[in-house]
Amino acid sequence: MAISASPTTQPEVTDSYARLEEKVLERDQRGASQIFYDLVRAGRPLPELVREIVRIHAPYTHVPYHQRLDDGVVRFVNNDHCFLSSRASTDLMKLLRPELAYLPLAQTIWYVPTGLDPWNQLLGKMPGHYVRLYELKFEGKPPLPHIHWSDQQPLAIEGTFPEKLNAWLTLVQRGEVINAYRVFLGLWHEVVGDEARRTQLLAHLVFAGLIDVQDRVLHNRSYTTGHKSYRARATVQLARMVGWEHAGSVLYAGVPDMAVGPRWHSTYEMACLVVQNILGGKDQEFLGNDGALSPVESLALLEALLSGEEPGYIDLIVALLRSGKGLRQIIDTIQLGSAQLILETGDPNSYSMPQHSYEYCNNVRWFFDSFEHPHRLKLLFVAAAFVNRSAHHQMHTPDNGPIKIESPRGAETMSSHELLQRLDDALMGLRAFEAVNWTAAYLQAGHDRAALVETLATGAAKTGNDPHNQELGICLLEDYAHSTARDRDRLLLACAKHTAGHRKYGDHLEAYRRFSEAFAVRA
């Protein structure tokens, strides 16, 4: 199943995508999967597959607001996982053996029919992922999902390019969804052929997502959990994959949501005031820092994040910056704190804050590596605040806490292959703490890390029914590959813990079994 690259518009292919769209709108997971398998067998290029998947779900994965007030009770309305799943899939597939390369995207196809119109799912008017717990029954064909935000035409505005970027971000802040989207499309058309300005525009898109993080976590269900930054990143990466000239559906899937409420900028405001009042507004002077954290500095920051309160971690980050420590080195340490929260999560329903704070940290690191945005340093304080609040949440939520990691009995006599077999069995059996211990045993034995990474990636790809399995798997493995932290092995342990421990819906291996049967994949 080689990944080719050139799209085509052959009639039979167009018909296949029309039938795929029909099955998705019928919420027919099996039918949609069979058509996807046929497209893969036909050698359809990956950019084309992704472009068409996004085109199909883009109109139906927006919501009018990420919060509901039903009978006086605040309810959270989820963000689009269909879009995020495609982004995670295209990165995860690079870590798998060739015959499994398309399994992550097959998981996306399996999920998409269940992810449409979450707003009406929560009202009981629509079947899908977000009403699994309510066991709603629908006779015959389900109703068509609603389009909450229609696609738009570009709107050109006056001013210099920086002024236009600022005008767009102001519209986002004010919640003017349609105007903000139209202005972005106008800017997109303006930068055609201008790579430098396109990069600025995309950086500002992701920045708009990264500064939108809720200001409390404990006893709170109406939050953004950094999802807008994940959506913005998916927009950038998938638009690049399908080609800038073919990115219309990708922009439609990702950009309008930046302005959808509620919008939370108070944590970013804290970061701005820290830079202004404590660092003298001179954050630009620290952007070139590249110093590594000492073991003592790393431990102090982790303790401040996981068991301290504000302004402890703020003061430590300020001190680290003043002493020449690098932005990447600091975020890599903050990531360890978030990974530790995943390791210390006990109940399958308690992963939300650790997994979202980790994905946020992962996106900040990716942002540092992808763009030279002038305000990127401030995001260190936002990421640290997110992890600190997640730690506070876990501390005051039952069944979470420190765990003992130890090699299983007899592990020292096993070969690397046997250890990986035991790990895979624990992952698929959803025995989270056992999966961590087998990972630790493999690491302690000093075996080849590449084989361990592939096993963990495969475990994440095999586990379906919720894209968080693929998203967090690739985030942790991606960061392990480039982390500067001395204790980066913690990311591998956390990857095993999350894949086996995060809440599953229905038969979490059904999509994997169907894919394996379709392509005669060996065990």
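Residues numbered from 1 in each chain as written. Predicted model: local features only at pLDDT ≥ 70, side-chain atom pairs only at ≥ 80, totals over all residues. Heavy atoms only, no water.

**Student:** So what's going on with the nonpolar core? Which residues, and what values?
**Tutor:** The biggest cluster of nonpolar side chains holds 172 residues, and the ones touching the most others in it are W168, Y313, L321, I334, Y360 and F381. Counting residues per element, this core draws most heavily on helix α17 (residues 379-395), at 10 residues. Sequence-distant contacts of I334, defined by excluding residues within four places in its chain, comprise L301, L305, I317, C361, L380, A383, A384 and V387. (Core = buried A, V, L, I, M, F, W, Y, C linked by side-chain atoms within 4.5 Å. Buried < 20%, exposed > 50% of the residue type's maximum accessible area, 1.4 Å probe, protein only. Helix = DSSP H or I, 4+ residues; strand = E, 2+ residues; numbered from the N terminus. Contact = heavy atoms within 4.5 Å.)

**Student:** Now, about the side chain of T333: what can you tell me, with residues and values included?
**Tutor:** You can see T333 is positioned in helix α15 (residues 327-343). A distance of 3.1 Å separates a polar side-chain atom of T333 from the backbone oxygen of Q329. For T333, the residues in contact, after removing those within four places along its chain, are L293, S298, L301 and L302. (Polar contact = N/O pair within 3.5 Å; in protein donor to acceptor, adjacent residues only side chain to side chain.)

**Student:** So what's going on with the packing of helix α12 (residues 266-277) against α17? Residues and values would help.
**Tutor:** Relative orientation of the contacting elements α12 and α17 amounts to 130°, with a least axis distance of 9 Å. Classified by the interaxial angle, the pair formed by α12 and α17 is oblique. The two elements α12 and α17 cross, and the hand of that crossing is right-handed. On α17, the residues touching T267, Y268, M270, A271, V274 and V275 of α12 are F381, V382, A385 and R389. In terms of residue class, the contact of α12 with α17 is made up of 8 nonpolar, 1 polar and 1 charged. (Axes fitted to C-alpha atoms, helices over the stretch in contact; angles between N-to-C directions. Parallel < 35°, antiparallel > 145°, perpendicular 65-115°, else oblique. Left-handed = near helix turned anticlockwise from the far one by under 90°. Nonpolar A, V, L, I, M, F, W, Y, C, P; charged D, E, K, R; others polar.)

**Student:** A description of helix α20 (residues 449-462) should follow, citing residues and the corresponding values.
**Tutor:** A rise of 1.5 Å per residue sets the reference length of α20, with its 14 residues, at 20 Å; its end C-alpha atoms lie 20 Å apart and thus fit the reference within 8%. For α20, the tally of buried residues reaches 10 of 14 residues, placing the bulk of the element in the interior. L452, V453, T455, L456, A457, T458, G459, A460, A461 and K462 are the residues of α20 that are buried. Where α20 begins, one side-chain oxygen reaches toward the backbone nitrogen of A450, 3.4 Å away; that side chain belongs to D448. (Expected span 1.5 Å × (residues − 1).)

**Student:** Residue-level account of the environment of V172, with values.
**Tutor:** When you line up the elements, V172 lands in helix α7 (residues 161-173). What makes V172 buried here is its relative accessible area of 3%. For the pair formed by V172 and R263, sequence separation is 91 residues and the distance between their alpha carbons is 8.8 Å. Once residues lying within four places of it in the same chain are set aside, the contact partners of V172 are A180, M258, A259 and R263.

**Student:** Could you give an account of the state of the cysteines, naming the residues involved and the relevant values?
**Tutor:** All chains considered together, the criterion is met by 0 disulfides. C495 carries a free sulfur, and the closest cysteine sulfur to it, the one in C475, is 9.9 Å from it. (Disulfide = S-S within 2.5 Å.)

**Student:** If you had to explain the pairing of strand β2 (residues 73-76) to someone new, which residues and values would you point to?
**Tutor:** Taken together, the 4 bridges between strand β1 (residues 67-70) and β2 define a ladder with antiparallel strand orientation. Across the sheet, R68 pairs through a bridge with R75, a residue of β2. Hairpin remark: β1 followed by β2, antiparallel, with 2 residues in the connecting loop; positive phi at D71, about 55°. (Pairing = 2+ DSSP bridges.)

**Student:** With reference to specific residues and values, describe the confidence of the model for the protein chain.
**Tutor:** In the predicted model, the protein chain carries a mean pLDDT of 94, and the fraction of residues at 70 or more is 97%. Overall, residues 1-7 carries pLDDT values under 50, and its contacts beyond four positions in sequence, including any with other chains, amount to 23 contacts. (pLDDT = per-residue confidence, 0-100.)

**Student:** Break down the pattern of salt bridges for me, with residues and values.
**Tutor:** Summed over the entire model, instances satisfying the criterion amount to 37 salt bridges. The salt bridge partner of K23 is D28, with a shortest N-O separation of 3.8 Å. Residue D28 is classed as partly exposed on the basis of its relative accessible area of 24%. Taking the shortest distance from any N to any O, the salt bridge between R68 and D70 comes out at 2.9 Å. On the basis of relative accessible area, R68 is assigned to the buried category, the value being 8%. Through salt bridges with shared partners, a single ionic network connects E21, R51, E52 and R55. (Salt bridge = Lys/Arg side-chain N within 4 Å of Asp/Glu carboxyl O.)

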